[in-house]
Amino acid sequence: MTVESTAARKPRRSAGTRKSPSTKPELVQLLTPEGKRVKNAEYDKYVADITPEELRGLYRDMVLTRRFDAEATSLQRQGELGLWASLLGQEAAQIGSGRALRDDDYVFPTYREHGVAWCRGVDPTNLLGMFRGVNNGGWDPNGNNFHLYTIVIGSQTLHATGYAMGVAKDGADSAVIAYFGDGASSQGDVAESFTFSAVYNAPVVFFCQNNQWAISEPTEKQTRVPLYQRAQGFGFPGVRVDGNDVLASLAVTKWALERARGGEGPTLVEAYTYRMGAHTTSDDPSKYRADEEREAWEAKDPILRLRRYLEASNHADEGFFAELETESEALGRRVREAVRAMPDPDRFALFEHAYADGHALVDEERAEFAAYQASFTDGEGA
Ligand SMILES: Cc1ncc(C[n+]2csc(CCOP(=O)(O)OP(=O)(O)O)c2C)c(N)n1
Ligand SMILES: [Mg+2]
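Residues numbered from 1 in each chain as written. Chains lettered and ligands numbered in written order. Predicted model: local features only at pLDDT ≥ 70, side-chain atom pairs only at ≥ 80, totals over all residues. Heavy atoms only, no water.

**A look at the state of the cysteines**
Stage number 1. Counted under the stated rule, the structure contains zero disulfides.
Stage number 2. With no disulfide of its own, Cys 119 lies 19 Å from the sulfur of Cys 208, the closest cysteine sulfur.
Stage number 3. Under the relative-accessibility criterion, Cys 208 is labelled buried at 2%. (Disulfide = S-S within 2.5 Å. Buried < 20%, exposed > 50% of the residue type's maximum accessible area, 1.4 Å probe, protein only.)

**A look at the pattern of salt bridges**
Stage number 1. Scanning all chains against the criterion turns up 23 salt bridges.
Stage number 2. Across the pair Arg 102 and Asp 173 runs a salt bridge whose closest N-O atoms are separated by 2.8 Å. Pair noted here: Arg 102 is in the loop between α3 (91-100) and β1 (106-108) and Asp 173 is in the loop between α7 (155-170) and β2 (176-181), with a separation of 71 residues, a long-range link.
Stage number 3. Taken together, the salt bridges that share partners define one network made up of Arg 67, Glu 71, Glu 329 and Arg 336. (Salt bridge = Lys/Arg side-chain N within 4 Å of Asp/Glu carboxyl O. Helix = DSSP H or I, 4+ residues; strand = E, 2+ residues; numbered from the N terminus.)

**Brief notes about the site of ligand 1**
Stage number 1. Not every one of the 15 residues close to ligand 1 is listed here, only the nearest: Tyr 111, Arg 112, Gly 183, Ala 184 and Trp 213.
Stage number 2. Take Arg 112: an N or O atom from its side chain is 2.7 Å from an oxygen atom of ligand 1.
Stage number 3. In this structure, Gly 183 approaches ligand 1 through a main-chain N or O atom, which is 2.8 Å from an oxygen atom.
Stage number 4. Among the residues forming the shell around ligand 1, the class breakdown is eight nonpolar, five polar and two charged. (Near = heavy atom within 4 Å. Polar contact = N/O pair within 3.5 Å; in protein donor to acceptor, adjacent residues only side chain to side chain. Nonpolar A, V, L, I, M, F, W, Y, C, P; charged D, E, K, R; others polar.)

**Here's the deal with the packing of aromatic side chains**
Stage number 1. Per the counting criterion, the structure on display carries 30 aromatic pairs.
Stage number 2. Between Phe 234 and Phe 236, the aromatic rings sit 6.5 Å apart at their centres with planes inclined by 40°, giving tilted as the arrangement.
Stage number 3. Assessed through its relative accessible area of 29%, Phe 234 is described here as partly exposed.
Stage number 4. Here the guanidinium or amino end of Lys 300 rests over the ring plane of Trp 297, the centre of that ring lying 3.9 Å away.
Stage number 5. In this structure, Arg 307 packs its charged tip against the face of Phe 321, placed 3.7 Å from the ring centre. (Phe/Tyr/Trp six-rings, centres within 6.5 Å; stacked < 30°, edge-to-face > 60°. Lys NZ or Arg CZ within 6 Å of the ring centre and 35° of its normal.)

**Remarks on helix α12 (residues 302-312)**
Stage number 1. Buried within α12 are the following residues: Pro 302, Ile 303, Arg 305, Leu 306, Tyr 309 and Leu 310. Along the axis of α12, the buried residues cluster in a sector spanning 165°; they form a single face.
Stage number 2. For α12, the side-chain oxygen to backbone nitrogen distance between the N-cap and Ile 303 is 2.8 Å, and the N-cap itself is Asp 301.
Stage number 3. Asn 314 occupies a position one or two residues after α12 and carries a positive phi of about 55°. (Arc of directions from axis to C-beta.)

If you want it as C-alpha coordinates, here you go:
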(Lines give C-alpha, C1' and ligand atoms only; values in the text may rest on other atoms or scores of the structure.)
(Ligands and ions follow the chains in the order given, each with its own letter.)
Protein backbone atom coordinates (compact mmCIF):
# COMPACT_ATOMS: atom_id res chain seq x y z
CA MET A 1 0.00 0.00 0.00
CA THR A 2 1.38 3.35 -0.95
CA VAL A 3 1.56 6.29 1.36
CA GLU A 4 -0.80 8.16 -0.96
CA SER A 5 -3.52 5.51 -0.79
CA THR A 6 -3.33 5.34 3.03
CA ALA A 7 -3.77 9.07 3.20
CA ALA A 8 -6.70 8.92 0.81
CA ARG A 9 -8.53 6.20 2.78
CA LYS A 10 -7.86 7.54 6.24
CA PRO A 11 -7.51 11.31 6.49
CA ARG A 12 -5.36 12.45 9.37
CA ARG A 13 -7.02 14.53 12.01
CA SER A 14 -5.33 17.52 13.47
CA ALA A 15 -3.93 16.70 16.89
CA GLY A 16 -5.44 19.78 18.44
CA THR A 17 -9.06 19.17 17.53
CA ARG A 18 -9.72 15.85 19.27
CA LYS A 19 -11.32 15.90 22.69
CA SER A 20 -10.09 13.59 25.42
CA PRO A 21 -12.40 10.55 25.41
CA SER A 22 -13.80 11.02 28.87
CA THR A 23 -14.33 14.60 29.98
CA LYS A 24 -16.43 13.81 33.03
CA PRO A 25 -14.98 10.97 35.08
CA GLU A 26 -15.97 10.48 38.70
CA LEU A 27 -14.48 12.93 41.11
CA VAL A 28 -14.34 12.81 44.88
CA GLN A 29 -16.71 15.38 46.34
CA LEU A 30 -17.76 15.82 49.98
CA LEU A 31 -19.45 19.22 49.64
CA THR A 32 -21.70 20.02 46.69
CA PRO A 33 -21.62 23.49 45.12
CA GLU A 34 -24.81 24.17 47.10
CA GLY A 35 -22.93 23.43 50.32
CA LYS A 36 -24.52 20.05 51.07
CA ARG A 37 -22.36 17.43 52.74
CA VAL A 38 -22.40 14.19 50.75
CA LYS A 39 -21.23 10.85 52.12
CA ASN A 40 -18.20 9.09 50.71
CA ALA A 41 -17.41 5.60 51.96
CA GLU A 42 -13.71 5.87 51.20
CA TYR A 43 -12.79 9.42 52.23
CA ASP A 44 -15.24 10.44 54.98
CA LYS A 45 -12.94 9.03 57.64
CA TYR A 46 -10.25 11.58 56.83
CA VAL A 47 -12.51 14.47 57.87
CA ALA A 48 -14.76 12.63 60.34
CA ASP A 49 -13.28 14.33 63.41
CA ILE A 50 -13.15 17.84 61.98
CA THR A 51 -14.54 20.40 64.44
CA PRO A 52 -16.69 23.47 63.68
CA GLU A 53 -13.70 25.56 64.71
CA GLU A 54 -11.50 23.82 62.16
CA LEU A 55 -14.16 24.30 59.48
CA ARG A 56 -14.25 28.01 60.27
CA GLY A 57 -10.46 27.94 60.08
CA LEU A 58 -10.56 26.54 56.55
CA TYR A 59 -13.04 29.23 55.58
CA ARG A 60 -10.85 31.93 57.12
CA ASP A 61 -7.79 30.58 55.29
CA MET A 62 -9.60 30.75 51.96
CA VAL A 63 -11.05 34.22 52.52
CA LEU A 64 -7.75 35.73 53.64
CA THR A 65 -5.86 34.06 50.81
CA ARG A 66 -8.33 35.46 48.29
CA ARG A 67 -8.06 38.90 49.88
CA PHE A 68 -4.28 38.80 49.75
CA ASP A 69 -4.41 37.68 46.13
CA ALA A 70 -6.81 40.49 45.16
CA GLU A 71 -4.52 43.00 46.86
CA ALA A 72 -1.51 41.70 44.93
CA THR A 73 -3.42 42.00 41.63
CA SER A 74 -4.31 45.62 42.50
CA LEU A 75 -0.72 46.37 43.47
CA GLN A 76 0.43 45.15 40.07
CA ARG A 77 -2.12 47.42 38.39
CA GLN A 78 -0.79 50.32 40.45
CA GLY A 79 2.74 49.62 39.21
CA GLU A 80 3.99 48.32 42.57
CA LEU A 81 4.57 44.77 41.26
CA GLY A 82 5.97 43.80 37.88
CA LEU A 83 3.72 40.76 37.60
CA TRP A 84 1.26 38.69 39.62
CA ALA A 85 -0.05 35.14 39.13
CA SER A 86 -3.47 34.99 40.74
CA LEU A 87 -4.85 31.89 42.46
CA LEU A 88 -8.46 33.07 42.19
CA GLY A 89 -10.73 30.01 42.12
CA GLN A 90 -8.09 27.59 43.39
CA GLU A 91 -8.37 28.41 47.09
CA ALA A 92 -10.01 25.13 48.13
CA ALA A 93 -7.49 22.93 46.33
CA GLN A 94 -4.63 24.81 47.98
CA ILE A 95 -6.03 25.26 51.48
CA GLY A 96 -7.43 21.72 51.62
CA SER A 97 -4.15 20.13 50.56
CA GLY A 98 -2.05 22.61 52.54
CA ARG A 99 -3.91 21.89 55.78
CA ALA A 100 -3.48 18.15 55.25
CA LEU A 101 0.29 18.54 55.68
CA ARG A 102 2.34 18.09 58.82
CA ASP A 103 4.99 20.66 59.75
CA ASP A 104 7.79 18.22 58.92
CA ASP A 105 6.46 17.52 55.41
CA TYR A 106 8.13 19.39 52.57
CA VAL A 107 6.40 21.39 49.84
CA PHE A 108 7.63 22.10 46.32
CA PRO A 109 5.33 24.74 44.80
CA THR A 110 4.97 26.39 41.39
CA TYR A 111 4.46 30.17 41.30
CA ARG A 112 0.74 30.18 42.14
CA GLU A 113 0.63 28.40 45.52
CA HIS A 114 -0.12 31.44 47.67
CA GLY A 115 -2.74 29.48 49.63
CA VAL A 116 -0.30 26.69 50.40
CA ALA A 117 2.30 29.26 51.44
CA TRP A 118 -0.30 30.70 53.81
CA CYS A 119 -0.89 27.27 55.35
CA ARG A 120 2.85 26.81 55.83
CA GLY A 121 3.08 30.08 57.75
CA VAL A 122 5.09 31.99 55.15
CA ASP A 123 4.31 35.67 55.65
CA PRO A 124 2.32 36.65 52.54
CA THR A 125 4.30 39.87 52.14
CA ASN A 126 7.40 37.71 51.56
CA LEU A 127 5.78 36.25 48.44
CA LEU A 128 5.76 39.64 46.78
CA GLY A 129 9.46 40.53 46.60
CA MET A 130 10.12 38.37 43.55
CA PHE A 131 7.06 39.79 41.79
CA ARG A 132 8.29 43.31 42.59
CA GLY A 133 11.71 42.38 41.29
CA VAL A 134 13.62 43.17 44.47
CA ASN A 135 14.74 39.63 45.32
CA ASN A 136 14.85 36.12 43.90
CA GLY A 137 12.62 34.45 46.43
CA GLY A 138 11.98 36.18 49.69
CA TRP A 139 11.84 33.43 52.27
CA ASP A 140 14.03 30.69 53.70
CA PRO A 141 12.71 27.40 52.28
CA ASN A 142 13.84 25.51 55.36
CA GLY A 143 12.07 27.93 57.71
CA ASN A 144 8.66 26.49 56.81
CA ASN A 145 9.58 23.48 54.64
CA PHE A 146 8.21 25.44 51.70
CA HIS A 147 10.56 25.62 48.74
CA LEU A 148 10.97 28.79 46.71
CA TYR A 149 8.50 29.42 43.88
CA THR A 150 9.55 27.64 40.70
CA ILE A 151 8.85 29.18 37.32
CA VAL A 152 10.48 26.49 35.15
CA ILE A 153 7.36 24.46 34.50
CA GLY A 154 7.39 20.98 36.02
CA SER A 155 10.99 21.06 37.26
CA GLN A 156 9.95 21.09 40.92
CA THR A 157 8.43 17.61 40.55
CA LEU A 158 11.97 16.31 40.02
CA HIS A 159 13.26 18.25 43.01
CA ALA A 160 10.42 16.83 45.10
CA THR A 161 11.13 13.30 43.94
CA GLY A 162 14.82 13.58 44.78
CA TYR A 163 13.99 15.09 48.15
CA ALA A 164 11.47 12.33 48.86
CA MET A 165 14.03 9.66 47.97
CA GLY A 166 16.30 11.32 50.53
CA VAL A 167 13.54 11.32 53.15
CA ALA A 168 13.10 7.58 52.60
CA LYS A 169 16.86 6.96 52.88
CA ASP A 170 16.86 8.91 56.17
CA GLY A 171 14.15 6.57 57.45
CA ALA A 172 11.91 9.55 58.30
CA ASP A 173 8.14 9.23 58.17
CA SER A 174 7.52 12.67 56.72
CA ALA A 175 6.21 13.14 53.19
CA VAL A 176 6.78 15.48 50.26
CA ILE A 177 4.22 17.18 48.06
CA ALA A 178 4.84 18.64 44.61
CA TYR A 179 2.37 21.08 43.10
CA PHE A 180 2.09 21.48 39.35
CA GLY A 181 -0.45 22.36 36.69
CA ASP A 182 -2.31 20.65 33.88
CA GLY A 183 0.09 22.21 31.38
CA ALA A 184 3.10 21.00 33.35
CA SER A 185 1.80 17.44 33.03
CA SER A 186 3.09 17.50 29.43
CA GLN A 187 6.66 18.20 30.53
CA GLY A 188 9.31 15.50 30.36
CA ASP A 189 10.39 16.43 33.89
CA VAL A 190 7.00 15.35 35.23
CA ALA A 191 7.11 12.01 33.40
CA GLU A 192 10.64 11.42 34.71
CA SER A 193 9.62 12.24 38.26
CA PHE A 194 6.69 9.81 37.97
CA THR A 195 9.03 7.07 36.80
CA PHE A 196 11.68 7.64 39.47
CA SER A 197 9.23 8.05 42.33
CA ALA A 198 7.37 4.88 41.34
CA VAL A 199 10.48 2.77 40.92
CA TYR A 200 12.05 4.03 44.16
CA ASN A 201 8.74 4.06 46.03
CA ALA A 202 9.37 7.65 47.04
CA PRO A 203 7.08 9.21 49.68
CA VAL A 204 5.76 11.96 47.41
CA VAL A 205 2.31 13.25 46.52
CA PHE A 206 1.95 14.79 43.08
CA PHE A 207 -0.75 17.42 43.43
CA CYS A 208 -1.87 18.57 39.99
CA GLN A 209 -4.21 21.55 39.97
CA ASN A 210 -6.04 21.07 36.72
CA ASN A 211 -7.34 24.62 36.37
CA GLN A 212 -8.34 23.84 32.77
CA TRP A 213 -5.82 26.18 31.18
CA ALA A 214 -2.09 26.48 30.58
CA ILE A 215 -2.02 30.15 29.67
CA SER A 216 -4.20 29.97 26.50
CA GLU A 217 -3.96 26.20 25.95
CA PRO A 218 -6.95 24.19 27.17
CA THR A 219 -6.50 20.84 28.93
CA GLU A 220 -7.73 18.96 25.83
CA LYS A 221 -4.42 19.89 24.25
CA GLN A 222 -2.41 18.32 27.06
CA THR A 223 -3.96 14.88 27.27
CA ARG A 224 -6.17 12.24 25.68
CA VAL A 225 -7.16 10.78 29.06
CA PRO A 226 -8.20 12.41 32.34
CA LEU A 227 -4.95 13.44 33.96
CA TYR A 228 -5.32 11.35 37.11
CA GLN A 229 -5.37 8.21 34.93
CA ARG A 230 -1.81 8.89 33.85
CA ALA A 231 -0.57 7.53 37.18
CA GLN A 232 -1.75 4.02 36.37
CA GLY A 233 0.75 3.68 33.53
CA PHE A 234 3.57 4.53 35.93
CA GLY A 235 2.37 2.04 38.52
CA PHE A 236 0.81 4.16 41.26
CA PRO A 237 -2.72 5.32 42.03
CA GLY A 238 -4.29 8.51 40.76
CA VAL A 239 -7.49 10.11 41.95
CA ARG A 240 -9.52 13.07 40.77
CA VAL A 241 -10.89 15.30 43.50
CA ASP A 242 -13.23 18.26 43.26
CA GLY A 243 -10.63 20.97 43.67
CA ASN A 244 -13.30 23.52 44.55
CA ASP A 245 -14.28 21.44 47.57
CA VAL A 246 -11.96 22.16 50.47
CA LEU A 247 -13.13 19.16 52.51
CA ALA A 248 -12.58 16.71 49.66
CA SER A 249 -9.19 18.25 48.87
CA LEU A 250 -8.22 17.88 52.55
CA ALA A 251 -9.45 14.28 52.77
CA VAL A 252 -7.87 13.03 49.55
CA THR A 253 -4.53 14.68 50.31
CA LYS A 254 -4.51 13.17 53.82
CA TRP A 255 -5.10 9.76 52.26
CA ALA A 256 -2.26 10.28 49.77
CA LEU A 257 0.12 11.52 52.49
CA GLU A 258 -0.76 8.54 54.65
CA ARG A 259 0.19 6.23 51.77
CA ALA A 260 3.50 8.05 51.44
CA ARG A 261 4.25 7.78 55.17
CA GLY A 262 3.28 4.13 55.19
CA GLY A 263 5.87 3.25 52.54
CA GLU A 264 3.31 2.79 49.78
CA GLY A 265 4.99 5.26 47.45
CA PRO A 266 3.69 8.08 45.27
CA THR A 267 0.13 9.16 44.51
CA LEU A 268 -1.21 11.50 41.88
CA VAL A 269 -4.01 13.78 43.01
CA GLU A 270 -5.72 15.70 40.23
CA ALA A 271 -7.61 18.61 41.77
CA TYR A 272 -10.23 19.51 39.21
CA THR A 273 -10.63 23.26 39.47
CA TYR A 274 -10.66 26.46 37.46
CA ARG A 275 -8.42 29.47 37.05
CA MET A 276 -11.06 32.19 37.38
CA GLY A 277 -8.66 35.00 36.59
CA ALA A 278 -6.03 35.60 33.96
CA HIS A 279 -2.92 33.41 33.75
CA THR A 280 -0.97 36.37 35.09
CA THR A 281 -1.50 40.12 35.05
CA SER A 282 0.19 40.08 31.60
CA ASP A 283 -2.56 37.92 30.13
CA ASP A 284 -6.03 38.71 28.74
CA PRO A 285 -8.16 35.55 28.82
CA SER A 286 -11.02 37.22 26.91
CA LYS A 287 -8.90 36.60 23.81
CA TYR A 288 -9.18 32.83 24.06
CA ARG A 289 -12.05 31.73 26.31
CA ALA A 290 -15.75 32.48 26.60
CA ASP A 291 -17.30 34.40 29.51
CA GLU A 292 -19.91 31.64 29.91
CA GLU A 293 -17.18 29.19 30.91
CA ARG A 294 -16.07 31.38 33.80
CA GLU A 295 -19.67 32.03 34.82
CA ALA A 296 -20.36 28.28 35.00
CA TRP A 297 -17.38 27.86 37.32
CA GLU A 298 -18.38 30.84 39.46
CA ALA A 299 -21.44 28.83 40.45
CA LYS A 300 -19.01 26.28 41.92
CA ASP A 301 -17.06 28.88 43.90
CA PRO A 302 -15.00 27.20 46.64
CA ILE A 303 -15.57 29.87 49.28
CA LEU A 304 -19.28 30.26 48.70
CA ARG A 305 -19.96 26.54 49.07
CA LEU A 306 -18.22 26.32 52.45
CA ARG A 307 -20.06 29.44 53.61
CA ARG A 308 -23.36 27.81 52.67
CA TYR A 309 -22.41 24.70 54.61
CA LEU A 310 -21.28 26.69 57.68
CA GLU A 311 -24.51 28.67 57.68
CA ALA A 312 -26.81 25.71 57.11
CA SER A 313 -25.14 23.72 59.89
CA ASN A 314 -25.02 26.70 62.29
CA HIS A 315 -21.26 26.42 62.57
CA ALA A 316 -20.71 30.15 62.03
CA ASP A 317 -22.74 33.24 62.86
CA GLU A 318 -22.87 36.77 61.50
CA GLY A 319 -20.30 37.90 64.04
CA PHE A 320 -17.75 35.47 62.63
CA PHE A 321 -18.22 36.69 59.06
CA ALA A 322 -18.11 40.37 60.11
CA GLU A 323 -14.90 39.87 62.10
CA LEU A 324 -13.32 38.09 59.17
CA GLU A 325 -14.21 40.99 56.90
CA THR A 326 -12.36 43.37 59.24
CA GLU A 327 -9.40 41.00 59.39
CA SER A 328 -9.34 40.80 55.57
CA GLU A 329 -9.20 44.57 55.21
CA ALA A 330 -6.40 44.77 57.75
CA LEU A 331 -4.45 42.15 55.80
CA GLY A 332 -4.93 44.15 52.58
CA ARG A 333 -3.56 47.26 54.30
CA ARG A 334 -0.60 45.42 55.78
CA VAL A 335 0.31 43.96 52.38
CA ARG A 336 0.06 47.36 50.64
CA GLU A 337 2.23 49.06 53.21
CA ALA A 338 4.82 46.27 53.22
CA VAL A 339 5.20 46.29 49.43
CA ARG A 340 5.62 50.03 49.21
CA ALA A 341 8.27 49.91 51.93
CA MET A 342 10.37 47.19 50.25
CA PRO A 343 13.88 48.53 49.69
CA ASP A 344 15.39 48.42 46.23
CA PRO A 345 18.10 45.80 45.92
CA ASP A 346 21.79 46.63 45.73
CA ARG A 347 22.43 46.80 41.98
CA PHE A 348 25.75 45.09 42.36
CA ALA A 349 24.23 42.05 44.07
CA LEU A 350 23.64 40.84 40.52
CA PHE A 351 27.29 39.87 40.35
CA GLU A 352 27.40 37.94 43.61
CA HIS A 353 26.82 34.26 44.33
CA ALA A 354 27.37 32.88 40.83
CA TYR A 355 30.87 31.70 41.85
CA ALA A 356 32.00 30.98 45.39
CA ASP A 357 35.52 32.39 44.76
CA GLY A 358 34.86 35.03 42.14
CA HIS A 359 35.57 34.88 38.42
CA ALA A 360 37.64 37.11 36.13
CA LEU A 361 34.82 37.56 33.64
CA VAL A 362 32.32 38.50 36.36
CA ASP A 363 34.89 40.97 37.79
CA GLU A 364 35.22 42.54 34.36
CA GLU A 365 31.45 42.83 33.94
CA ARG A 366 31.09 44.33 37.41
CA ALA A 367 33.70 46.98 36.58
CA GLU A 368 31.99 47.74 33.28
CA PHE A 369 28.64 48.12 35.04
CA ALA A 370 30.22 50.38 37.69
CA ALA A 371 31.63 52.63 34.94
CA TYR A 372 28.23 52.76 33.29
CA GLN A 373 26.55 53.72 36.57
CA ALA A 374 29.16 56.41 37.18
CA SER A 375 28.48 57.91 33.74
CA PHE A 376 25.16 59.36 34.93
CA THR A 377 25.64 63.00 35.82
CA ASP A 378 23.27 62.92 38.82
CA GLY A 379 25.35 60.12 40.33
CA GLU A 380 22.22 58.03 40.89
CA GLY A 381 22.77 55.54 38.08
CA ALA A 382 20.15 54.28 35.69
C1 LIG B 1 9.87 24.97 30.93
C2 LIG B 1 8.95 26.12 30.72
N3 LIG B 1 8.30 26.24 29.53
C4 LIG B 1 7.45 27.28 29.34
C5 LIG B 1 7.24 28.21 30.32
C6 LIG B 1 6.27 29.36 30.09
N7 LIG B 1 5.06 29.13 30.88
C8 LIG B 1 4.86 29.79 32.05
S9 LIG B 1 3.42 29.34 32.79
C10 LIG B 1 3.04 28.26 31.55
C11 LIG B 1 1.76 27.47 31.58
C12 LIG B 1 1.65 26.53 32.75
O13 LIG B 1 0.37 25.98 32.81
P14 LIG B 1 -0.04 25.00 33.97
O15 LIG B 1 1.03 23.99 34.19
O16 LIG B 1 -1.39 24.48 33.64
O17 LIG B 1 -0.08 25.92 35.27
P18 LIG B 1 -1.02 27.17 35.58
O19 LIG B 1 -0.28 28.39 35.12
O20 LIG B 1 -2.30 26.97 34.88
O21 LIG B 1 -1.17 27.20 37.07
C22 LIG B 1 4.04 28.28 30.56
C23 LIG B 1 3.99 27.47 29.34
C24 LIG B 1 7.96 28.07 31.53
N25 LIG B 1 7.82 28.92 32.53
N26 LIG B 1 8.79 27.00 31.71
MG1 LIG C 1 -3.22 25.15 34.30
